Amino acid sequence: MTTAPMNMIQALNSAIDTKMAEDPNVLSFGEDAGYFGGVFRVTDQLQQKHGLTRSFDAPISECGIVAAAIGMGAYGLRPVVEIQFADYIYPAYDQIVSEAAKMRYRSGGQFTSPITIRSPYGGGIFGGQTHSQSPESLFTHIAGLKVVIPSNPYDAKGLLTAAIEDDDPVVFFEPKRLYNGPFDGWHEKPVSPWKTQELAQVPTGKYVEPIGKARVMREGSDVTILAYGTMVWVALAGAEHAGVDAEVIDLRTLVPLDIETIEASVKKTGRCVIVHEAPKTSGFGGELSALVQERCFYHLEAPIARVTGWDTPYPHAFEWEYFPGPQRVADALKAVMSGGR
Amino acid sequence: MMKNTPTLSLRVPEPSGRPGDAPDFSHLQFDPAGAVSRPEVSTAPYEMRDHAFRLVRVLDDEGQAVGPWDPKLDPEVLRRGLKAMILTRAFDERMHRAHRQGKTSFYMKCTGEEAIAVAQGMILSREDMGFPTYRQQGLLIARGYPLASMMNQIYSNAEDPIKGRQLPIMYSAKDYGFFTISGNLGTQVPQAVGWAMASAYKGDDKIAISWIGDGATAEGDFHNALTFAAVYRAPVILNVVNNQWAISSFMGIAGGLETTFAAKAIGYGLPALRVDGNDFLAVWAATQWAEERARTNQGATVIELFTYRGAPHSTSDDPSRYRPGDEHEKWPLGDPIERLKQHLIVLGEWSDELQVEAEKDAVEQVRAAGKESEAIGTLGQSRPSVKTMFEEVYATEDWRLVEQRREVGV
């Protein structure tokens, strides 16, 4: 298959574009998502290519956007909606949680909600507290939802294609900090653009990366790092900085979770560090930690460590103190390496 | 320094009567039957603002159909409508009793509101999609959905069509144009708009119809729905069933004293009709008007159906705690079944004897269905396999559900 270098925005755009070309039941809408192509340009040119009724602007009503998508999904369409920032998903929470997630179950399979809710999320762009949050654990807790978070252009396209084709509602969080290039967490140092990364070679045609499969980003024998989104790159930098032979796993999908890959890795390394941007308390890291403890306890050489955002609102001026960076990951790695029994 | 202005005071609206008071409906001013004009369906919403404040009525006090909204229905259609309303009431009676007998956990009657779901369910096709609340059981009954299946859900027995997962009255019947009901009020109105948008997007000919109570119009979903319906000219009928009571809160708490619920449409540029919800013919005519408008690409209509919730909100409610006991009997717009019966008698198409017979027949139908359903089991006597608890959470079970199902041992 022909490939082309793409950043994550282009890869996501290509996923929707390819699906729209293939399936007339796919349409895309959201605030500023039509003519203008979205404030991050993920839906750029889709209206021009596929027409006004297939890619259009929506009122500033996240609840209305998701509710309309649910109705369309029940009709038989596969709407892909954009919530401009994940911080704005809360007005739509009731529709996502009480309606989309429960549709198949409560109707005995008569009605389904095959919708994709895309939303830029996470920090590292100086967005302040209303443009930086990571609300994934509010959705991983909800039966009936799938939660997907890519960390690179290749996965972004393949996973978004899978999400659109999925018969269940998928909450698809796109790490804003990775839209234009990977980020290794050393914010004062220049970061390489996507075009220097292998994972930016993206097939121009359709392909699918299965939902529910993690990707081993770096093999290692001493410790397993579980991460997703922007934190995958921070974890890689942290491992290098600490000089530890860490195995870095990009979860890619939080629900359903690839428990086999996690279990096999932790049993091999005997140590586990979990990294995410969201606040620590009741974050997804708590769930990961419990699962690893349940399944790998007798293989563990040290307590499981979590490197996360703080339990504060996301601050503007203190972004780099809040945002987990390679130094904190390295510290955690060193701690678990020395915390053997 | 003292200011020569009054101190502020907070107003909390109160209804016209509380327990022990005599019912007082003197504040209600209704147009007489036949008085409200019937605009062309192509009328611009701003040219028909009056319709949001007046009341479309067809049946007069003598049971005659009068005025421009008379849909001039075939007597056979009227008889079918009457019988469906009678059957709905008989069903409600038996299920309410079944709750008192401990056969189910919960029930909700639609007493006094039967004309709404029955008429609207008869007008629209099963291909159209209804997004009902829990008081539109008349729609299923009018369309001949098996009463025993409804009861199987009410009893959560082994044959419950949705496998014991929902409250008794939250039906789901795709083949009958009946969307799965949500207990979260108002959520389904913008979904109906989305469904209608999908039909329009596909160049199809189906429309959607939704219902919401007067109380739930205060939810943001209702207003989101009106915005989307207006913006995208969705082919949808948006009903507000103003039955005066949201559990114990009278319609004034939802803003019903400041304006009419129909008038909420005006700010969105949608046409509004305010209709006597206890008048089968008026409900029919207004719905037909809105249907034609939707099907001819002219967009949505908001219909306020003015009625009264005669029964308790649910089996868990006691209305004698918050409203005059006999308020329902004094409702100035009467009883929808009595009014349609009277009309058919005036037409020479019905009689008191036929009414008695129809009521007996309805009780018999409900009894027969009851026997069939109770043979399968009432609440706790039989239920779907516990295995089904883990099914249909997703299209396919993931490892968590497989493991948890095994933990339960099924």
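This text follows the structure it describes.
Within each chain, residue numbers correspond to sequence positions counted from 1 in written order. Think of it this way: whatever chain is written first is A, whatever ligand is written first is 1, and the rest follow in order. Given that the model is predicted, a residue must reach a pLDDT of at least 70 before its local features are reported, and side-chain atom pairs must reach 80 or more before they are shown or counted; all residues, however, enter totals for whole chains, interfaces and linings. To obtain the side-chain values, all non-hydrogen atoms of the structure were included, while hydrogens and water were left out.

Attention shifts here to unusual backbone geometry. In this structure, Pro256 of chain A follows Val255 of chain A across a cis peptide bond, with omega equal to -5°. Each helix is a run of DSSP H or I of at least 4 residues and each strand a run of E of at least 2, with the numbering of both proceeding from the N terminus. Structurally, Pro256 of chain A can be placed in the loop between β12 (253–255) and α9 (259–269). Notably, Lys72 of chain B is not glycine yet its phi reads approximately 50°, a positive angle. With respect to the secondary-structure elements, Lys72 of chain B resides in the segment before α1 (75–100). Residue Glu392 of chain B is not a glycine yet carries a positive backbone phi of 65°. The residue Glu392 of chain B is located in the loop between α9 (352–376) and α10 (399–408) in this model.

Residues and elements named next belong to chain A. By this rule, a helix spans an expected 1.5 Å times one less than how many residues it contains. A rise of 1.5 Å per residue sets the reference length of helix α3 (residues 62–75), with its 14 residues, at 20 Å; its end C-alpha atoms lie 20 Å apart and thus fit the reference within 8%. Relative accessible area decides the class of each residue, using a 1.4 Å probe on protein chains only: under 20% of the type maximum gives buried, over 50% gives exposed, and in between gives partly exposed. Counting buried residues in α3 gives 14 out of 14 residues, a clear majority hidden from the surface. Once α3 finishes, Gly76 follows within two positions and takes phi at roughly 125°, a positive value.

Okay, the interface of chain A and chain B next. Contacts between the two partners involve 49 residues from chain A, matched on the other side by 43 residues from chain B. Computed with a 1.4 Å rolling probe, the buried area is the accessible surface lost when two parts are put together, summed over both parts. Of the roughly 3700 Å² buried between chain A and chain B on both sides combined, carbon and sulfur atoms contribute 59%. It is Tyr75, Tyr105 and Arg106 of chain A in chain A that bury the most area against chain B; as a group they hold 22% of the surface buried on that side. Counted as salt bridges are all cases of a side-chain nitrogen of Lys or Arg within 4 Å of a carboxyl oxygen of Asp or Glu. If you look at where chain A meets chain B, you find one salt bridge. Of the charged contacts, one joins Glu403 of chain B and Arg295 of chain A as a salt bridge, the two residues approaching to 2.6 Å between their closest N and O atoms. Here a polar contact means two N or O atoms within 3.5 Å. Within protein one must be a hydrogen donor candidate and the other an acceptor candidate, and residues neighboring in sequence count only if both atoms are side-chain atoms. Seen at the junction of chain A and chain B, the total is 26 residue pairs in polar contact (both at pLDDT 80 or more). Of all elements in the fold, only β2 (26–30), β3 (55–57), α3, α4 (93–100), α5 (103–106) and α10 (284–296) of chain A reach the threshold of two or more residues within the side of chain A that touches chain B. Of the residues forming the side of chain A that touches chain B, the biggest block, 10 residues, is contributed by α3 of chain A. Each residue is assigned to one class: nonpolar for Ala, Val, Leu, Ile, Met, Phe, Trp, Tyr, Cys and Pro, charged for Asp, Glu, Lys and Arg, and polar for all the others, Gly among them. Partitioning the side of chain A that touches chain B into residue classes produces 27 nonpolar, 12 polar and 10 charged. For this analysis, residues touch if any pair of their heavy atoms sits within 4.5 Å.

Before going further, it helps to spend a moment on a nonpolar patch on the surface. All names here are of chain A. Like charges within 9 Å and nonpolar side chains (Val, Leu, Ile, Met, Phe, Trp, Tyr) within 5 Å are joined into patches, using only residues over 30% in relative accessible area that form no salt bridge. Per-residue and other accessible areas were derived by the Shrake-Rupley procedure at a 1.4 Å probe size, with only the shown protein chains allowed to occlude residues. On the surface, Tyr35, Phe36 and Val39 cluster together into a nonpolar patch covering about 330 Å² of accessible area. Tracing the backbone shows Tyr35 in the loop between β2 and α2 (46–50). By relative accessible area, Tyr35 is classed as exposed at 62%.

The subject of this paragraph is the environment of Arg97 of chain B. By the element assignment, Arg97 of chain B lies in helix α1. On a C-alpha basis, the gap between Arg97 of chain B and Thr315 of chain B in space is 9.6 Å, while along the polypeptide they are 218 residues apart.

As a rule of thumb, nonpolar side chains are buried together in soluble globular proteins. Residue types Ala, Val, Leu, Ile, Met, Phe, Trp, Tyr and Cys, when buried and joined through side-chain atoms within 4.5 Å, form a set referred to as a nonpolar core. The biggest cluster of nonpolar side chains holds 86 residues, and the ones touching the most others in it are Leu251 of chain A together with Val236 and Leu238 of chain B. Counting residues in each nonpolar core, the second largest holds 75 residues, with Met95, Met122, Val241 and Trp289 of chain B among its members.

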